[in-house]
Amino acid sequence: MAETTIKLTIKFGGRSIPLSVSPDATTKDLKSLLQPITNVLPRGQKLIFKGKVLVETSTLKQSLVGDGAKIMLMASQGLHQGEGPVLKEASTRPISRTTVDQTKPGVLVDKNRTDRWKATGVIALAQANLKEIPEEVWECGSAARVLDIRENFIREVPARISSFVSIHKLFLQGNGLSDESIQWEGIASLKRLMLLSLSHNNLTVVPSEVGSLTSLRQLDVANNKLTSLPNEIGLLTQLEILKANNNRITSLPESIGDCSFLMEVDLSANMLSELPETVTKLRKLKTLELNNTGLTTLPSVLFKMCLQLSTLGLHNTEITVESLRQLEGWGEFDERRRTKHQKQIDFRVVGSGQFDEGADKSW
């Protein structure tokens, strides 16, 4: 009786990945299985068995890969998605910050700073070696307009943050916050909040409560561990800038099309394989960054409908110049693109005819 599955061990990045697959699976099939586990695009994977690179179209049986085989995976630089390989004990690397002398008190209590915060509305405590939000911060209440506690070691954002009823900007990035660290019912009540930055944390979800922030103009959830965005993001009808790059997002909700004021979207370094057609409803969209994703196509009427789009990032995708030129509205988009950068530029073709929007840029 033929074997229905064989057990393999994939050696990658210092770890061993066990897999059970059919001996009739091709090398291409195996790469697809490894993509969500390693965050490496299939075309960036080189699988080596007994010193030989496995051929894409050959089956494991044809390549003499049997039960118990060990295969080495080598990844091409620049073709990781998200933040690179998923490690067993993944942890967010803290943003580089100034070393604090631990022999001295952490943050000195300034009797006048609470008065200053109340007078200016700006509570600036970035890179202050904080493990929690200081008690005197809460005394500011409705006077607070900006709370900046980025790049600390804050362990909790409590529900009492709802007392900041007039706050416009909230900077929480670079604290290593987990899903359990944030009491979202508190943030959801901040009806005047216009900017929310949660990048460089350990978040795996953006909860539905984010849809309550109807005044939000900028949302930055980049460099986390998100696999999706909530449907309620469509309620953010005033949102202008969305940064969700360097995550593990596999798909976008259809409701993204309801964010009619979106002008700038960055979804680079995610595990996207397609975009919803509703993206074409974003009539104010000017910049769309999709670098280092698994995209092979774009919505067919993207250029026709998004008449302000002038910057399109497609580094390290399988979308080719030729395929883009077939889309309706390409000519007008190309003219906007060239006009924006104020110079005539020929496309550079990377690899097998990939579109290189970076040719527009001076760096």
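Our subject in this report is the structure included herewith. Note that the structure is a prediction, hence the values are computed from the model and not measured. (Residues numbered from 1 in each chain as written. Predicted model: local features only at pLDDT ≥ 70, side-chain atom pairs only at ≥ 80, totals over all residues. Heavy atoms only, no water.)

## Some thoughts on the environment of Leu-309
Its location among the elements puts Leu-309 in the loop between helix 5 (302-305) and strand 14 (311-313). Classification of Leu-309 as buried rests on a relative accessible area of 0%. With 25 residues separating them along the chain, Leu-309 and Lys-284 place their C-alpha atoms 7.7 Å apart. The contacts of Leu-309, once residues within four sequence positions are left out, are Leu-285, Lys-286, Thr-287, Leu-288, Leu-302, Phe-303, Phe-333 and Arg-336. (Helix = DSSP H or I, 4+ residues; strand = E, 2+ residues; numbered from the N terminus. Buried < 20%, exposed > 50% of the residue type's maximum accessible area, 1.4 Å probe, protein only. Contact = heavy atoms within 4.5 Å.)

## What about the nonpolar core?
Counting 68 residues, the largest nonpolar core has Leu-170, Ile-187, Leu-196, Leu-219 and Leu-298 as its most contacted members. Each of two domains, domain 2 (115-188) and domain 3 (204-348), supplies a minimum of three residues to this core. Ile-10, Val-21, Leu-30 and Leu-34 belong to the second-largest nonpolar core, a separate cluster that totals 18 residues. (Core = buried A, V, L, I, M, F, W, Y, C linked by side-chain atoms within 4.5 Å. Domains from an automatic or database assignment.)

## Some words on empty space enclosed by the protein
In the structure shown here, the tally under the stated rule is one cavity of 30 Å³ or more. One number sums up the size of the largest cavity: a volume of about 60 Å³. Around the largest cavity, the lining residues are Leu-252, Ile-256, Val-265, Leu-267, Leu-275, Val-279, Leu-282, Leu-285 and Leu-288. A class-by-class count of the residues in the lining of the largest cavity yields nine nonpolar, no polar and no charged. (1 Å grid on protein atoms, 1.4 Å probe; cavity = no way out; pocket = protein on both sides within 12 Å on 5 of 7 lines; lining within 4 Å. Points joined across faces, edges and corners; volume = space filled by probe spheres on them. Nonpolar A, V, L, I, M, F, W, Y, C, P; charged D, E, K, R; others polar.)

Note that every value here comes from positions in space, so none of it alone points to a role or purpose.
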